[in-house]
Amino acid sequence: MIPLTVLKAALICTVAIGMVGGLIAWRERPTPGSVPLAVLLAGQCWWSVTLLFRIDAVGIAAKGFWVDVSWVGIAVIPVAWLFFSLEYSGYHEYVQPRYVAVASIVPLCIAVIGATNTAHELMYVHSTLVEINGATMLDRTPGPWFWIAAGYTYLLGLLGTIPLLELITSDVLAFRAQSLALIVGIVVPWLTNVLYLLGALPTYGVDPTPIGFAVSGVAYLGALTRFRLFGTNPAPIRYARRLAFDRMEEGAIVLDSNGYVVELNDRAATFLRTDPDDILGRAFADALPQVAGIVDCAGPNDRMVLEADDGTRAYDVSACSIVDYTGRTIGRSITLHDVSAHLRRQRRLTVLNRVFRHNVRTTTQLILGCASEIDDDAGRIADRIEGHAMAIEELSEKVRRAIDLFDRDRADRRPLPLDSILCDAIDSARDARPAVSVDYDGVPDDVYVDELLTVVFEDLIENAAEHNTTADPAPRIRIDVRSGEPEVDVVRVVVADNGPGIDDEELAVLEEGAETPLRHGSGIGLSLITWGIDIVGGRIEFADADPTGTIATVEVPIRSRPP
Amino acid sequence: MASEPSTQSRPTGSTALWNRSTISRARTVLERLRNALLYSSTYLALVAAAEVALVMIVLSLPVNLSPLVVGLVTFAVYVNDRLADLEIDEAVAPNRTAFVRRHQRVLYVAGAIAYGVAVALAVSGGPLAFGLTLLPGAFWVLYALDYFAALGSQIRRLKEVLIVNSAVVALAWSVTIVGMPMAFTNAPITPTAGVLFGYLFLATFVNTEIPNVPDVESDAAAGVSTLPVVVGVRRTRQSLYGVVLLTLGLIAYAVLRGLLVPAAALALLAGLACLVTTIAFLGRSDAERRLAISAELSRVPALGVLVLVTVGL
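Criteria and thresholds
- Residues numbered from 1 in each chain as written.
- Chains lettered and ligands numbered in written order.
- Predicted model: local features only at pLDDT ≥ 70, side-chain atom pairs only at ≥ 80, totals over all residues.
- Heavy atoms only, no water.
- UniProt positions renumbered as here; feature names shortened; annotations may be inferred.
- Helix = DSSP H or I, 4+ residues; strand = E, 2+ residues; numbered from the N terminus.
- Buried < 20%, exposed > 50% of the residue type's maximum accessible area, 1.4 Å probe, protein only.
- Areas by Shrake-Rupley, 256 points an atom, 1.4 Å probe, with all protein chains shown as cover.
- Salt bridge = Lys/Arg side-chain N within 4 Å of Asp/Glu carboxyl O.
- Pairing = 2+ DSSP bridges.
- Axes fitted to C-alpha atoms, helices over the stretch in contact; angles between N-to-C directions.
- Lys, Arg positive; Asp, Glu negative; His and termini not counted.
- Polar contact = N/O pair within 3.5 Å; in protein donor to acceptor, adjacent residues only side chain to side chain.
- Contact = heavy atoms within 4.5 Å.
- Left-handed = near helix turned anticlockwise from the far one by under 90°.
- Buried area = accessible area lost by both parts, 1.4 Å probe.
- Nonpolar A, V, L, I, M, F, W, Y, C, P; charged D, E, K, R; others polar.
- Expected span 1.5 Å × (residues − 1).
- Bend = angle between axes of the 7 residues up to and from the residue.
- Phe/Tyr/Trp six-rings, centres within 6.5 Å; stacked < 30°, edge-to-face > 60°.
- pLDDT = per-residue confidence, 0-100.
- Parallel < 35°, antiparallel > 145°, perpendicular 65-115°, else oblique.

- For chain B, an unreviewed UniProt entry supplies the name 4-hydroxybenzoate polyprenyltransferase and the organism Halopenitus malekzadehii.
- Turning to chain B, the UniProt annotation filed under Subcellular location (unreviewed entry) states: "Cell membrane".

- As annotated in an unreviewed UniProt entry, chain A is histidine kinase from Halopenitus malekzadehii.
- A UniProt comment under Catalytic activity (unreviewed entry) is attached to chain A, and it reads "ATP + protein L-histidine = ADP + protein N-phospho-L-histidine."

**Side note on the overall build of chain B**
Step number 1: Along the backbone of chain B there are 16 helices and 0 strands.
Step number 2: Here chain B holds 313 residues, and 43% of them are scored as buried.
Step number 3: Here chain B has roughly 16300 Å² of accessible surface; of this, 66% comes from carbon and sulfur atoms.

**A word on the pattern of salt bridges**
A side chain with one charge can pair with a side chain of the opposite charge if their charged atoms come near.
Step number 1: Considering all chains together, one arrives at 14 salt bridges over all chains under this definition.
Step number 2: Lys8 of chain A is the partner of Asp56 of chain A in a salt bridge, and the nearest nitrogen-oxygen pair spans 2.7 Å. Residue Asp56 of chain A is located in helix H2 (residues 34-56), and its partner Lys8 of chain A is located in helix H1 (residues 4-27); the two are separated by 48 residues in the primary sequence.
Step number 3: A relative accessible area of 24% places Lys8 of chain A in the partly exposed class.
Step number 4: The salt bridge partner of Arg299 of chain B is Glu51 of chain B, with a shortest N-O separation of 2.6 Å. Linking Arg299 of chain B in helix H16 (residues 299-312) with Glu51 of chain B in helix H2 (residues 42-58), this pair joins segments that are 248 residues apart in sequence. This pair shows no difference in class: Arg299 of chain B is buried, exactly as Glu51 of chain B is.
Step number 5: Through salt bridges with shared partners, one network takes in Arg492, Arg539, Glu541 and Glu555 of chain A.

**Digging into the sheet that holds strand S11 (residues 476-483) of chain A**
By way of backbone hydrogen bonds, the strands of a sheet pair with one another, either parallel or antiparallel.
Residues and elements named next belong to chain A.
Step number 1: Read across the sheet, 5 strands follow the order S9-S11-S12-S14-S13 without closing on themselves; strand pairing throughout is mixed. Sheet topology places strand S9 (437-440) and strand S13 (539-544) at the edges, where each strand pairs with a single neighbour. In this sheet, neighbouring strand axes are inclined to one another by 15° on average, regardless of whether the strands run parallel or antiparallel.
Step number 2: Of the strand pairs in this sheet, S9 and S11 are connected by 4 bridges, and their pairing is parallel.

**As for the environment of Val164 of chain B**
Step number 1: Following the sequence through the fold, Val164 of chain B ends up in helix H10 (residues 164-185).
Step number 2: Note: C-alpha distance between Val164 of chain B and Phe205 of chain B (41 residues apart in sequence) is 9.8 Å.

**Section: the sheet that holds strand S7 (residues 329-338) of chain A**
All names here are of chain A.
Step number 1: Here 5 strands make up an open sheet; going across it, the order is S4-S3-S7-S6-S5 and the pairing antiparallel. Across the chains shown, the open sheet's two edge strands, defined by having one partner strand only, are strand S4 (261-264) and strand S5 (304-307). The mean inter-strand angle of the sheet, taken between neighbouring strand axes irrespective of direction, is 25°.
Step number 2: Across 3 bridges, strand S3 (residues 251-256) lies against S4 in antiparallel orientation.

**Some thoughts on the side chain of Asp207 of chain A**
Residue and element names in this part refer to chain A.
Step number 1: With respect to the secondary-structure elements, Asp207 resides in the loop between helix H7 (176-197) and helix H8 (209-229).
Step number 2: Put simply, Asp207 is tucked away with no salt bridge, and the nearest opposite charge, on Arg54, sits 7.6 Å away.
Step number 3: In terms of polar contacts, Asp207 uses its side chain to reach the side chain of Asn193, at 3.3 Å.
Step number 4: Within the structure, Asp207 has its side chain in polar contact with the side chain of Thr209 (distance 2.4 Å).

**Some thoughts on the side chain of Arg237 of chain B**
Step number 1: Structurally, the position occupied by Arg237 of chain B is in helix H13 (residues 227-256).
Step number 2: Those residues in contact with Arg237 of chain B that sit more than four places away from it in its chain are Ile279, Ala280, Leu282, Gly283 and Arg284 of chain B.

**What to know about the packing of helix H17 (residues 453-466) of chain A against helix H19 (residues 525-536) of chain A**
Residue and element names in this part refer to chain A.
Step number 1: For the pair H17 and H19, interaxial distance at closest approach is 9 Å and the crossing angle is 145°. Considering how the two elements wind past one another, H17 and H19 form a crossing that is left-handed. In this structure, H17 contributes Leu453, Val455, Val456, Asp459, Leu460 and Asn463 to the contact, and H19 contributes Gly525, Leu526, Leu528, Ile529, Gly532, Ile533 and Val536.

**Regarding the UniProt feature "transmembrane region" (unreviewed entry) in chain A**
Residues and elements named next belong to chain A.
Step number 1: As recorded in UniProt, the sites labelled "transmembrane region" (unreviewed entry) are residues 6-26, 33-53, 65-86, 98-116, 145-168, 180-199 and 211-229.
Step number 2: Helix makes up 95% of residues 33-53 and strand 0%. Its end C-alpha atoms lie 30 Å apart.
Step number 3: Between the C-alpha atoms that bound residues 180-199 there is a distance of 28 Å. The span itself is 90% helix and 0% strand.

**Digging into the interface of chain A and chain B**
Step number 1: Counting from both sides, the interface comprises 18 residues of chain A and, opposite them, 20 residues of chain B.
Step number 2: Each partner contributes to the roughly 1700 Å² buried at the junction of chain A and chain B, and carbon and sulfur atoms together form 78% of this total.
Step number 3: It is Leu23, Trp26 and Arg27 of chain A in chain A that bury the most area against chain B; as a group they hold 36% of the surface buried on that side.
Step number 4: Connecting chain A to chain B are 0 salt bridges.
Step number 5: Across the contact surface, chain A and chain B share 1 residue pair in polar contact (both at pLDDT 80 or more).
Step number 6: Taken together, the elements giving at least two residues each to the side of chain A that touches chain B come down to H1, H2 and H8 of chain A.
Step number 7: Top contributing element to the side of chain A that touches chain B by residue count: H1 of chain A, with 9 residues.
Step number 8: Its residues assigned to classes, the side of chain A that touches chain B comprises 13 nonpolar, 1 polar and 4 charged.

**What to know about helix H14 (residues 340-372) of chain A**
Residue and element names in this part refer to chain A.
Step number 1: For H14, spanning 33 residues, the distance from its first C-alpha to its last is 47 Å, which sits close to the expected 48 Å at 1.5 Å a residue.
Step number 2: Along its length, H14 reaches its greatest deviation from straightness, about 30°, at Val355.
Step number 3: By the burial criterion, the buried members of H14 are Ser340, Leu343, Leu349, Asn353, Val360, Thr364, Leu368 and Ala371.

**Observations regarding the packing of aromatic side chains**
Step number 1: The full count for this structure, using the stated rule, is 14 aromatic pairs over all chains.
Step number 2: Aromatic pair Trp46 of chain A and Phe130 of chain B: ring centres 6.3 Å apart, planes at 35°, arrangement tilted. Highlighted residues: Trp46 of chain A in helix H2 and Phe130 of chain B in helix H7 (residues 127-145), drawn from two different chains.
Step number 3: A relative accessible area of 7% means that Phe130 of chain B is categorised as buried.
Step number 4: With centroids separated by 5.9 Å and ring planes inclined at 50°, the aromatic side chains of Tyr124 of chain A and Phe146 of chain A adopt a geometry described as tilted. One end of the pair, Tyr124 of chain A, is in strand S1 (residues 124-132); the other, Phe146 of chain A, is in helix H6 (residues 144-169), and 22 residues separate them in sequence.
Step number 5: In this structure Tyr124 of chain A comes out as buried when scored by relative accessible area, which is 9%.

**Section: the pairing of S1 of chain A**
Along a regular strand, successive side chains alternate from one face of the sheet to the other.
Residues and elements named next belong to chain A.
Step number 1: Taken together, the 8 bridges between S1 and strand S2 (residues 135-142) define a ladder with antiparallel strand orientation. By the bridge assignment, Thr128 is partnered in S2 with Asp139.
Step number 2: The hairpin formed by S1 and S2 contains 2 residues between the paired strands, and Asn133 there has a positive phi angle of roughly 50°.

**Observations regarding the confidence of the model for chain B**
Step number 1: Looking at chain B as a whole, the pLDDT averages 78, with 82% of positions reaching at least 70.
Step number 2: Residue range residues 1-11 of chain B is modelled with pLDDT below 50. Its contacts to residues more than four positions away, or to other chains, number 1 contact.

**Looking at the packing of H13 of chain B against helix H14 (residues 262-281) of chain B**
Residue and element names in this part refer to chain B.
Step number 1: Two elements in contact, H13 and H14, have axes separated by 10 Å at closest approach and are oriented at 170°. The pairing of H13 with H14 is recorded here as roughly antiparallel in orientation. Here Arg237, Leu240, Tyr241, Val244, Thr247, Leu248, Ile251 and Val255 of H13 lie close against H14, whose contacting residues are Ala265, Leu268, Leu269, Leu272, Val276, Ile279 and Ala280.
Step number 2: A per-class count over the contact of H13 with H14 returns 13 nonpolar, 1 polar and 1 charged.

Okay, here's the thing in structure tokens:
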């Protein structure tokens, strides 16, 4: 048995800690959990004070009185504990006056019955004074309401423990010390009470649970203030997740393991023009047959597109399994991504492609035909018309390439050997400009890159060749390839020419990636190159060559050789 | 003849500089200490503890923890009061408000610790001591909840009513200062205790009205009825002389009836003399804030005289 003075000193410390902690918690308002924590500490303070008065009181009546009035504080604790836990862990929807009132009905009865025990003996049926280690202590036989109070306290204690354990096991607590604070706060008071009820504590028959609650209160206060210090109070996290789910651009539908719709965000309801109340709780195939039809019938690699009946909207549909920590599938998440605008642009590009591929080319051919029939002074006017018509044809060719590029952006693209791409591009440039000499040492056959780069290197080398029209120095292009630079899976291609160089204004527009009416490039060729490299995930840099010309350094990912 | 070098060397340039900087550093430290003592109201806690000690000696009560408890409660109450009235105090006590604003969190935690420890210690004094200590805490929580503002027009009105406001403050402190040591020692209520209560009540009443003199303009603007606002500074001085006369009468009555031993009476008179001196300067001195502090400290000489006389005897 511990000395009585030690027990009293511990209880006095408990009062001090409870009061200080309660007042500091009170100051933390409106931090979630601060008010219930202050109430909890006030309850344990009262309990501790009455225990001290009970120890010092003389006579059975006086000691009995302090036990009876202690129930006012004891009754408050489980309610405060529960609502601290709910508020702190973010379950604010349950922290409402009506729920507090309902949870407080039994404690109110406990407090009244406890405080008026002498009138009815429902809390304690028998009281007697006993000598324990030389101290006169009160021994009471619990009545029916004692066990109701104990049961209710443990019930609320258990309910309050669940959200805190959920918090500890979730990934929102970044700091071990804070998790430890919560565990200490949960374990200490209940363990103390269990040990007391089992008669395992040498405390002269005095219940030391309030000491446990003081430890708990200090631990929670530490958690409360430390979370605030680190700006990671966990209370809003649940709301943030909910908010992210509700406000996300994609529509989201959650199915349980039995295929029933258990969640649907606002965006999905808007996309599907439905009311969540009509959908939730129903079988997926029955509630949303149009989505279910696509999801359930699609193969693993099929692209799933849901088109609205009126053809105005379209959605990319994706489905993924939801698994728990054991890897067991517990449901599915279906997301709908609005691709209506994308599809509209795609249709417009198709029309433009057709216009450039057929109409412009046909019209240009007609102009060339007509020009050849003009009989003028040595055919000079006809030559000029022909030249301009060819320029239109060249431009339309580039636009077609650009449209192809965008089309290929969406399609699955094959890997091709870089060497064959560069050789084709060099041949094409030599055909167009026979005066240009190209130095190229070749690339190993196993270096494969995206087929889209065919367009890029054709344009890049052609660009280097076509702007170099002077005879002195003789137009020259040098192509160097370094595989595995700057990283293992990257190939660097350097195309250097000795032409006039690229205008600074043009380069600035390319770097910014956007044009304005006042600030724009002179053509489409360089844009085509940068767009293509961007699509394959590469990068390009332009630098001035010495004494004249441009050095274009292209770095693109190496792709694996096709089987 | 060449002059001998003086054995009393003058400080060199660097030594003089060092001395000057040490002095200025010491002065800064002292100034900070003084500010902390004044602005955090620690001196009021010490005064309250001294008053409890005075009561204990006069009533011949055994040594107990009550001076410590009352001192801690006083500190907590005043710190909380300063923190709650930051906005209001800004105009009347700018230096103090700046200090409190700067150390808000530390002061709140210090106040909470002081109060928590006071309550815990009061438990050892029994239920009555515990109840007395708990009362300011209840007001603390209610004040923070703004219940006074909500319920509050009646209480607010009470605070604004002439004399009643000072009387309520005087009553609360007198009950605590006399009641706490008696509760700790289970001492019976005696006529001497009544005399001490009356003395402290009247003296605290005077204390409370003295700071109203420099605040006369702001109180008038806020519609608070204080003696200086209603009757003017000169009449206030005269009224406070009247209260002192009443206190003097009480002491004389107690001595005549044998309720106070001469040493105790002498001590109480010393305190009263300090109070009268302070009142005499009311409206006649520019150091009005110092007058208020001197009134608050007026019971300290009483304790000093009592200790001196008791030890001397």
